Amino acid sequence: MGKDSGELKEYQPLLKDFKEPAQQIKVPSKSLLLAVWAAGIGGTFQCGYNTSIINAPTKAVQSFINQTWTERYNTEISTQVLTLLWSTIVSIFTLGGLVGASVGGTLAIRFGRKGTLLFNNTFALLAAFFMGLSYPSSTFELLIVGRFLTGVNAGIAICVQPMYIGEIAPRALRGAMAMGTSIFITGGILTGQVIGLNELLGKEEYWPILLSTVCIPAIMQLLTLPWFPESPRYLLIDRGDDVACKKALMWFHGPDKYHGEKEDIERERVSAGGIKPKKPWELFTDTSLRWQLLTLVVIHMSQQLNGINAIYFYADYVFTQAGIPAAKIPYATVGTGACECITALTCVSLELSINLHKIVYLRMHDTEHRNKANIITNINVLCAVGGVTNILTTELFTQTNRPAAYMIGGSINWIAFFFIGMIFPFIVNGLKQYCFLVFLVVCCLVATYIFFVVPETKNKTFLEIQSEFQSRKKLIAANGTEGPLLSTPI
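Keep in mind that what you see is a predicted model, and the values were worked out from it rather than measured.

A.B. asks: Honestly, the overall build of the protein in this entry has me stumped. Any pointers?
C.D. replies: Of the regular secondary structure elements, the protein holds 23 helices and zero strands. Counting only residues that meet the buried cut, the protein has 49% of its 490 residues in that class. Contacts in the protein between residues far apart in sequence, at least 24 positions, make up 81% of those at least 6 positions apart. Approximately 22900 Å² of the protein is accessible, and the part contributed by carbon and sulfur atoms is 66%.

Structure below.
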């Protein structure tokens, strides 16, 4: 306690000097927070919800398929065919996600970020209708159609929602707003696990209602999101509507605080110089985007290859092997969802704590403390990477490249999602209790890449971030050698 008090006394003069800038630290407006909620509830929350909701009715749906098959063909379905149909119902979600991610960027250009999110609810409502209709119509094929549509909905949401949030958030708050994406998806997973308990809708006779509840987040978004403006960046840079852009900025940031954001958008519009939004394949042919694309691939693959979705896919198997009684497994699964949700919430507090220490070190003008500040910068990136994967795509690319980048990142995400679901059983059979060491290796490699390559993006405009990558390219061209892209001192 004495040591801590001494450190505080040592920093008091520095913190006192920093009072004036501290008063300028931005706090998200009520309108901005509500907009993030409205975008998230029908966006990544819906995605997380659909990821976990399918686990609870496994036996009930398999029983329904068997009963329907017997009524149609007067014979019981074979175990192999039943397993194939159930696997199709579960895994078709990832195929739908890949389709959604492939078209999400195009839709965001044509209909706008907000417009695409609203249109995307059509897929969720249709999915709820088909899955709810499957039981009374004795048509299990409708479950496959419904799950595919929920996948399309999730693919578009993961592509467009972070884009919308990243473009409406002021640069000083992009990181904090980014955590909303992670919090909503983990919150959706946890909600799906809780709703699927026997005490709620997890009983066998309730499964059609359980699967139809995907309409609830969609309806909530349709009732709330229309009250909020479109992305100001989209309005000015893509549509050229200066008046609508100004109104949107005033709505999100207030009539006295929007000018700085307006200037950033104006500079980006001038930089774009009338260039049309690029297609995904055009990004691969642009050598100036090489490092951004490589980073995009790495972070999106790592989001799926870190092992967390393997736990959700095979929770029953993992917990059974751990000796947990079958009746208690649903509650253990809820525990994993709660841990991930708490972790996402903790990242916000951790980032704030790290940034406070960084501020103190940056106030010290000697080299030693500035080096500490740069180390803290990289720790900040590493700790928050799980929550800011999607928002980082917004920050690494400018307006004309961003939709295509989200299409590429989303497609990689869903392919890796499908891949891990396919190979994990073989990893378990081969490595037994050491199966998760594979994911540990992947996490260590990705952490190393982020530490040495990814620059700090906090409090920087999109053009400044792009400039850092361009500076790295020029440095490599001048020296003829590769080198790490370390964060520049502030």
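A.B. asks: Looking at this model, I keep getting lost on the side chain of T400. Mind explaining?
C.D. replies: For T400, the position within the fold is in the loop between helix 20 (367-396) and helix 21 (402-431). We classify T400 as buried; its relative accessible area is 10%.

A.B. asks: Is there a simple way to think about the packing of helix 13 (residues 242-253) against helix 14 (residues 259-272) in this case?
C.D. replies: Two quantities define a packed helix pair, namely the angle between the helix axes and the distance between the axes. It is at 10 Å that the axes of helix 13 and helix 14 come closest, and there the two elements cross at 140 degrees. The angle between helix 13 and helix 14 falls in the class oblique. Here helix 13 and helix 14 pass one another in a crossing that is right-handed. For the pair helix 13 and helix 14, contact is made by D242, C245, L249 and H253 and by E261, K262, I265 and E266, respectively. When its residues are assigned to classes, the contact of helix 13 with helix 14 shows three nonpolar, one polar and four charged.

A.B. asks: Which parts of the structure should I look at to understand a nonpolar patch on the surface?
C.D. replies: On the surface, L431, Y434, L437, V438 and L440 cluster together to form a nonpolar patch covering roughly 450 Å² of accessible area. The dominant element in the nonpolar patch, judged by the number of residues it contributes, is helix 22 (residues 437-453), at three residues.

A.B. asks: Where do I start with the packing of helix 7 (residues 113-134) against helix 11 (residues 215-224) in this structure?
C.D. replies: Packing of helix 7 against helix 11 brings their axes to within 9 Å, and their N-to-C directions diverge by 150 degrees. Taken together, the axes of helix 7 and helix 11 are roughly antiparallel relative to one another. In terms of crossing hand, the pair formed by helix 7 and helix 11 is left-handed. Contacts between helix 7 and helix 11 involve L117, L118, N121, A124, L125 and A128 from the first element and C215, A218, I219, Q221 and L222 from the second. Here the contact of helix 7 with helix 11 is built from residues that sort into nine nonpolar, two polar and no charged.

A.B. asks: When you look at the nonpolar core in this model, what are you seeing that I'm missing?
C.D. replies: The nonpolar side chains of a soluble globular protein tend to be buried, and buried together. Counting 58 residues, the largest nonpolar core has I65, L143 and Y164 as the members making the most contacts within it. The element best represented in this core is helix 8 (residues 141-168), accounting for 10 residues. Residue contacts for L143: discarding those within four places in its chain leaves V61, F64, I89, M131, S134, W207 and L211. Ranked by size, the runner-up nonpolar core spans 20 residues in total, among them L289, L392, V446 and I465.

A.B. asks: Got a minute to help me understand the packing of aromatic side chains in this structure?
C.D. replies: Each aromatic ring pair is summarised here by two numbers: the centre-to-centre distance and the angle between the ring planes. The final tally for this structure, using the stated rule, is 12 aromatic pairs. Seen in terms of ring centroids, F45 and Y49 are 6.3 Å apart; in terms of plane orientation they differ by 15 degrees. Their pairing is stacked. One end of the pair is F45 and the other is Y49, both in helix 4 (residues 44-53) and four residues apart, which spans about a single turn. We note that F45, like Y49, is buried. Taken together, F64, Y135 and W207 form an aromatic cluster joined through their ring pairs.

A.B. asks: Hey, could you run me through the UniProt feature "transmembrane region" (unreviewed entry) in the protein in this one?
C.D. replies: The feature "transmembrane region" (unreviewed entry), as given by UniProt, occupies residues 84-109, 116-136, 142-164, 176-195, 207-228, 373-392, 404-427 and 434-454 in the numbering adopted here. From the first C-alpha to the last, residues 84-109 spans 38 Å; its make-up is 100% helix and 0% strand. Strand forms 0% of residues 116-136 and helix 90%; the C-alpha atoms that close the span are 32 Å apart.

A.B. asks: Even after reading the chapter, I still don't get helix 3 (residues 30-41), so can you show me in this structure?
C.D. replies: Side chains that are three or four residues apart share a direction in an α-helix, a result of its 3.6 residues per turn. Taking 1.5 Å per residue, 12 residues should reach 16 Å; helix 3 reaches 17 Å between its end C-alpha atoms and fits that length. Among all positions of helix 3, only L32, A35, V36, A38, A39, G40 and I41 are buried. In this structure, the buried side of helix 3 is in contact with helix 4, helix 7, helix 8, helix 9 (174-195), helix 11 and helix 13.

A.B. asks: How should helix 5 (residues 58-73) be read in this particular structure?
C.D. replies: Helix length check: helix 5, at 16 residues, gives a terminal C-alpha distance of 23 Å against a target of 22 Å (1.5 Å per residue), a fit within 8%. Those residues of helix 5 not exposed but buried are A60, V61, F64, I65 and T68. For helix 5, the arc enclosing every buried residue in end-on projection is 140 degrees, short of the 170-degree limit, so these residues lie on one face. Those residues of helix 5 hidden inside the fold are in contact with helix 6 (79-111), helix 7, helix 8 and helix 10 (207-212). Where helix 5 ends, the next residue or the one after it, N74, has phi of about 55 degrees, a positive value.

Procedures and definitions
- Residues numbered from 1 in each chain as written.
- Predicted model: local features only at pLDDT ≥ 70, side-chain atom pairs only at ≥ 80, totals over all residues.
- Heavy atoms only, no water.
- Helix = DSSP H or I, 4+ residues; strand = E, 2+ residues; numbered from the N terminus.
- Buried < 20%, exposed > 50% of the residue type's maximum accessible area, 1.4 Å probe, protein only.
- Contact = heavy atoms within 4.5 Å.
- Areas by Shrake-Rupley, 256 points an atom, 1.4 Å probe, with all protein chains shown as cover.
- Axes fitted to C-alpha atoms, helices over the stretch in contact; angles between N-to-C directions.
- Parallel < 35°, antiparallel > 145°, perpendicular 65-115°, else oblique.
- Left-handed = near helix turned anticlockwise from the far one by under 90°.
- Nonpolar A, V, L, I, M, F, W, Y, C, P; charged D, E, K, R; others polar.
- Patch = residues over 30% accessible without salt bridge, like charges linked within 9 Å, V, L, I, M, F, W, Y side chains within 5 Å.
- Salt bridge = Lys/Arg side-chain N within 4 Å of Asp/Glu carboxyl O.
- Core = buried A, V, L, I, M, F, W, Y, C linked by side-chain atoms within 4.5 Å.
- Phe/Tyr/Trp six-rings, centres within 6.5 Å; stacked < 30°, edge-to-face > 60°.
- UniProt positions renumbered as here; feature names shortened; annotations may be inferred.
- Expected span 1.5 Å × (residues − 1).
- Arc of directions from axis to C-beta.

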